[in-house]
Amino acid sequence: MQLDKMDENEWKYHGEGNKNLVVAHVKLSRVLRLLKYPAKDSENPPQMAERAFRQIQNIVDFSSNVMSVLLGEKFVHSGEVVKLPLEFVRRLSIKVQDERPGWRCDKVIDIYSGCALALPNLTYPILHLSAHAPPLCVEIKPKWGFLPSSKHVSKDIKSRVCRFCMYQLYKVATGKWRKRTYCPLDLFSGNKQRMHFAIRQLIEEPQNNLKIFKGGQCIYSRKDSDDSLDLNSLLHHLRPYFLQANNRYSCHMTNKALLNDFIQVLMNALLSSHGGEGGVANDRQAERRNYCDASLFNRERSRHAGSQGLPSDCVLSRILQTQMLDMRDIEDLYPLYHRVEQHLQDFPKQRGDLHIEGPYDKEFLEMLQKCPAEDDGSVEYAATKIHQYLITKTAKDCSIMVALVPSGDKEEEDEGYSWLKGSRAPPFTSLVSILDLDPKPFDSILQLRLDQQIVSYYLKTCSALP
Ligand code: ATP
Ligand code: MG
Ligand code: ZN
Ligand code: MG
């Protein structure tokens with residue numbers, strides 16, 4: 001990629017979240033992630049070049065120095081900041097505008113700074129491409145996988161119904177989504193039946209928690225809250241992959257069997273240790289209550305199935321452990337946040353020392369490590385605890401990308417045989433990564449108000465339910 005000779009015709013719209021828009025190169029396995037900001041601010045664009053550069057450099061540093069250490073280097077690709085010609089960015093932003101979903105258009109692309117984050121295209125792992133079929137790729141945004149322990153929460157309901165399910169109910173009530181989707185505690189349970197159930201619910205109601213790509217193109221996602229989803233067309237895309245693995249033994253496969261096999265392949269990738277030591281499930285997990293009263297999974301069934309727990313080195317386990325680094329609830333953080341605020345009003349120059357806006361360098365890591373176990377009343381203690389909480393928040397918002405590459409011919413022969421003998425999965429090589437690991441702004445603690453609204457809405461509408 002030659003930065004001075006960028007041609008917008010070589011890039012196409014790939015996807016976007018709340019804060020960034022991503023374009024993919026048409027041939028190379030590369031993406032550019034561009035910042036967005038609220039359209040209402042477009043009169044006074046906030047992204048001056050230097051500020052945007054700093055912001056993206058912070059993202060790279062936070063991902064490579066903090067999140068990659070916690071989640072495992074093998075899963076994390078931090079990328080690099082690039083400076084693009086402004087003319088290229090301007091033409092690109094016009095080119096992709098028509099493909100953006102309407103509900104995302106309250107934000108516009110930053111066309112003023114010329115800064116972007118360059119990353120490998122994780123939906124299109126070029127090094128591993130197979131000659132006979134394009135890779136499949138599933139993106140899951142799993143959200144919050146545990147219940148806060150009750151000693152930290154003021155409302156008992158928070159230790160029985162997970163945060164995500166409570167928020168789902170609120171979003172359905174306020175019209176954001178038509179129907180609720182899955183419960184993350186089922187996905188993170190490590191119990192195969194519960195995981196299967198969760199993934200099926202995600203496929204049936206993906207919201208913005210599931211997307212499926214084929215050959216780097218998104219073939220299945222919810223674009224708008226009321227558009228229609230085409231499960232049949234998804235199955236049509238999937239069928240050849242599963243028949244191919246299986247063709248000598250059955251030419252006909254029901255949709256149900258197909259979907260089951262696909263979920264099984266995905267589950268294997270999510271549970272795989274990917275070269276790590278694997279083995280034991282984590283202890284803290286075993287002690288916790290890990291089911292949510294709002295989950296639609298029939299709990300009797302899971303009791304009979306027994307709890308299997310997550311293999312310690314799989315991607316789900318790494319994410320869950322990072323989410324649980326600080327079990328504190330947002331309510332506990334509020335007084336600490338005020339301590340820092342107060343202090344900074346008196347000593348504004350200490351923002352840098354406390355790394356309020358980064359940088360996420362060696363000193364930042366030292367600050368995290370040096371934190372006293374008990375609250376000594378200091379501003380350092382308060383700031384460090386908030387930083388720790390914000391790290392767990394990043395882990396609650398990240399996405400998992402599972403690329404499934406059909407194996408080459410020889411392996412296919414071998415594995416096809418074991419598939420016949422009863423191992424359930426057809427031959428894919430899976431490549432798992434974690435993306436969207438941006439640092440959260442310090443003042444996101446102020447979301448306490450929203451948290452309270454969600455809980456009280458849940459109590460009002462659901463306390464009557466059994
Ligand atoms: P959120 O609202 O979840 O915080 P965001 O605005 O931070 O999202 P990302 O999630 O990083 O943006 O990117 C938006 C989408 O672009 C992702 O959901 C994913 O589909 C795609 N994407 C991002 N990075 C990559 C990558 N390296 N390779 C392939 N696709 C990517
Ligand atoms: Mg995202
Ligand atoms: Zn739940
Ligand atoms: Mg993000």
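Residues numbered from 1 in each chain as written. Chains lettered and ligands numbered in written order. Predicted model: local features only at pLDDT ≥ 70, side-chain atom pairs only at ≥ 80, totals over all residues. Heavy atoms only, no water.

1. Section: the coordination of the zinc ion (ligand 3)
Okay, step 1: Note on the zinc ion (ligand 3): its protein donors are C162 (SG), C165 (SG), C183 (SG) and C292 (SG). The metal-donor distances range over 2.3 to 2.4 Å.
Okay, step 2: Read in sequence order, the donor residues for the zinc ion (ligand 3) give the motif C-x2-C-x17-C-x108-C. Here C165, found in helix α3 (residues 163-173), pairs with C292, found in the loop between α8 (283-287) and α9 (299-305); they are 127 residues apart in sequence, far enough to count as distant. Exposure class is identical for C165 and C292. Each is buried. (Donors = N, O, S within 2.8 Å, 3.2 Å for Na, K, Ca; no water. Helix = DSSP H or I, 4+ residues; strand = E, 2+ residues; numbered from the N terminus. Buried < 20%, exposed > 50% of the residue type's maximum accessible area, 1.4 Å probe, protein only.)

2. Points about the site of ligand 1
Okay, step 1: Among the 21 residues in the neighbourhood of ligand 1, the closest are listed as N18, K19, N20, E139 and K141.
Okay, step 2: The separation between a nitrogen atom of ligand 1 and a polar main-chain atom of P120 is 2.9 Å.
Okay, step 3: Burial of ligand 1 by the surrounding chains reaches 93%, relative to a free accessible area of 610 Å².
Okay, step 4: Mapped onto the shell around ligand 1, the elements with two or more residues apiece are β1 (11-16), β2 (20-25), β3 (30-38), β6 (115-120) and β8 (210-214).
Okay, step 5: Per-class residue counts for the shell around ligand 1 are 8 nonpolar, 6 polar and 7 charged. (Near = heavy atom within 4 Å. Polar contact = N/O pair within 3.5 Å; in protein donor to acceptor, adjacent residues only side chain to side chain. Areas by Shrake-Rupley, 256 points an atom, 1.4 Å probe, with all protein chains shown as cover. Nonpolar A, V, L, I, M, F, W, Y, C, P; charged D, E, K, R; others polar.)

3. Things to note about the environment of I263
Okay, step 1: With respect to the element layout, I263 can be found in helix α7 (residues 255-271).
Okay, step 2: As for I263 and C137, which are separated by 126 residues in sequence, their C-alpha atoms are 12 Å apart.
Okay, step 3: In this structure, I263 is in contact with H196, I199, R200 and I203, ignoring residues within four places of it in sequence. (Contact = heavy atoms within 4.5 Å.)

4. What about helix α5 (residues 192-204)?
Each full turn of the α-helix corresponds to 3.6 residues, which orients residues three or four apart in the same direction.
Okay, step 1: Taking 1.5 Å of rise per residue, 13 residues should cover 18 Å, and α5 covers 18 Å from first to last C-alpha, within 8% of that figure.
Okay, step 2: Buried within α5 we find R194, M195, H196, A198, I199, Q201, L202 and I203.
Okay, step 3: The N-cap residue of α5 is N191: its side-chain oxygen and the backbone nitrogen of Q193 are 2.9 Å apart. (Expected span 1.5 Å × (residues − 1).)

5. Description of helix α15 (residues 448-462)
Okay, step 1: Its 15 residues place the ends of α15 21 Å apart at the C-alpha level, agreeing with the 21 Å of an ideal helix rising 1.5 Å per residue.
Okay, step 2: All of the buried residues in α15 are L448, D451, I454, V455, Y458 and C462. On an axial view of α15, the arc spanned by its buried residues comes to 125°, and they lie on one face. The outward face of α15, more than 90 degrees from its buried face, is lined by the exposed residues R449 and K460.
Okay, step 3: The elements touched by buried residues of α15 are α3 and α11 (330-346). (Arc of directions from axis to C-beta.)

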